[in-house]
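For reference, the chains in residue letters:
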Amino acid sequence: MADEVILLDYWPSMFRMSTAKIALAEKGVAYEYKETEPWVKTSLPIEMNPIHKKIPALIHNGKPIYESLIQLEYIDEVWFDTYPMLPSDPYQKAQARFWGDFIDKKFYDPAWKVWGTAGEEQVTAKKELLEHFKTLETELGDKTYYGGDVFGFVDIALMGFYGWFKAIEKFGEFSIEAEFPKLSRWTMRCLERESVVNSIADSDKIIEYASVLRKKFGAE
């Protein structure tokens, strides 16, 4: 019997279901995508995620898996025979998990405050976010990808945020290309991959969506 894989998400979500989309595409795994508005508590997300009652969720043969990095590792372990995303070397694997965790814990809060707030709160968030970008550019160095020559776990984890990069740049009034050229070139390499291009949200639509939310939040 073929695997049944379902992704529950909302298209502009910053919680990075695009990471699972990229990973499944690299593995060649077909899935069904179900658009789920986060403020509408329909039965499926509540049934699949009874603790948090929220998306995104990866459902594999009726069993739900939550959190972006956990989903990435799950996908890598279940479909282990195609395109491994984590290195086999224990130390390199630990390093990949460390940087994935760094991205997971450090980016969301300052990123949304850069596009969703104003004044001192935005200034503080921008400073913090730029420091995180600097740290990641330093770790990338002159490597093609974070794991070396192979597009993998950390690349997918960070590209999960890419759809929001332009909105963050616009409302934060800075340029990733100008301030972090190595990181910018890395994103261009990632965008050459069909798995990435077909998985991330449209940046211009994200800017329109963020503009509406900024007004709603009183940031404009």
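Up top is the structure these notes are about.
In this text the structure is predicted, and so the values were computed from the model without any measurement.

1. What about the layout of surface pockets?
One number sums up the size of the second largest pocket: a volume of about 350 Å³. Around the second largest pocket, the lining is made up of 19 residues, and of these Pro87, Gln92, Ala96, Tyr146 and Gly147 lie nearest the centre. Broken down by secondary-structure element, the contributors of at least two residues to the lining of the second largest pocket are helix H4 (90-106) and helix H7 (153-159). The element contributing the most residues to the lining of the second largest pocket is H4, with five residues. The residue makeup of the lining of the second largest pocket, split by class, is 12 nonpolar, four polar and three charged.

2. Quick notes on the side chain of Asp155
In this fold, Asp155 is placed in helix H7. Of the side chains with opposite charge, Arg189 lies nearest to the buried Asp155, which makes no salt bridge, at 7.6 Å. From its side chain, Asp155 meets the backbone nitrogen of Tyr146 in a polar contact 3.0 Å long. In this view, Asp155 contacts Tyr145, Tyr146, Gly147, Val150 and Trp186; residues no more than four positions away in its chain are not counted.

3. Observations regarding the pairing of strand E2 (residues 32-35)
Note: strand E1 (residues 5-9) against E2, four bridges, orientation parallel. Following the sheet pairing, Asp9 is matched in E2 by Glu35. This β-α-β element, E1 to helix H1 (residues 17-27) to E2, shows right-handed connectivity.

4. Let's talk about the pairing of strand E3 (residues 57-60)
Across the two faces of E3 the burial is the same, with Ala57 and Ile59 and Leu58 and His60 all buried. With four bridges joining them, E1 and E3 adopt antiparallel strand pairing. By the bridge assignment, Ile6 is partnered in E3 with Ile59. Across three bridges, E3 lies against strand E4 (residues 63-65) in antiparallel orientation. Residue Ile59 lies in a different strand from E4, and its bridge partner there is Pro64. The hairpin turn running from E3 into E4, its antiparallel successor, is two residues long, and Asn61 in that turn takes a positive phi close to 50 degrees.

Criteria and thresholds
Residues numbered from 1 in each chain as written. Predicted model: local features only at pLDDT ≥ 70, side-chain atom pairs only at ≥ 80, totals over all residues. Heavy atoms only, no water. 1 Å grid on protein atoms, 1.4 Å probe; cavity = no way out; pocket = protein on both sides within 12 Å on 5 of 7 lines; lining within 4 Å. Points joined across faces, edges and corners; volume = space filled by probe spheres on them. Helix = DSSP H or I, 4+ residues; strand = E, 2+ residues; numbered from the N terminus. Nonpolar A, V, L, I, M, F, W, Y, C, P; charged D, E, K, R; others polar. Buried < 20%, exposed > 50% of the residue type's maximum accessible area, 1.4 Å probe, protein only. Lys, Arg positive; Asp, Glu negative; His and termini not counted. Salt bridge = Lys/Arg side-chain N within 4 Å of Asp/Glu carboxyl O. Polar contact = N/O pair within 3.5 Å; in protein donor to acceptor, adjacent residues only side chain to side chain. Contact = heavy atoms within 4.5 Å. Pairing = 2+ DSSP bridges. Right-handed = clockwise from strand over helix to strand, strands pointing away.

Just distances and angles here, no functional claims.
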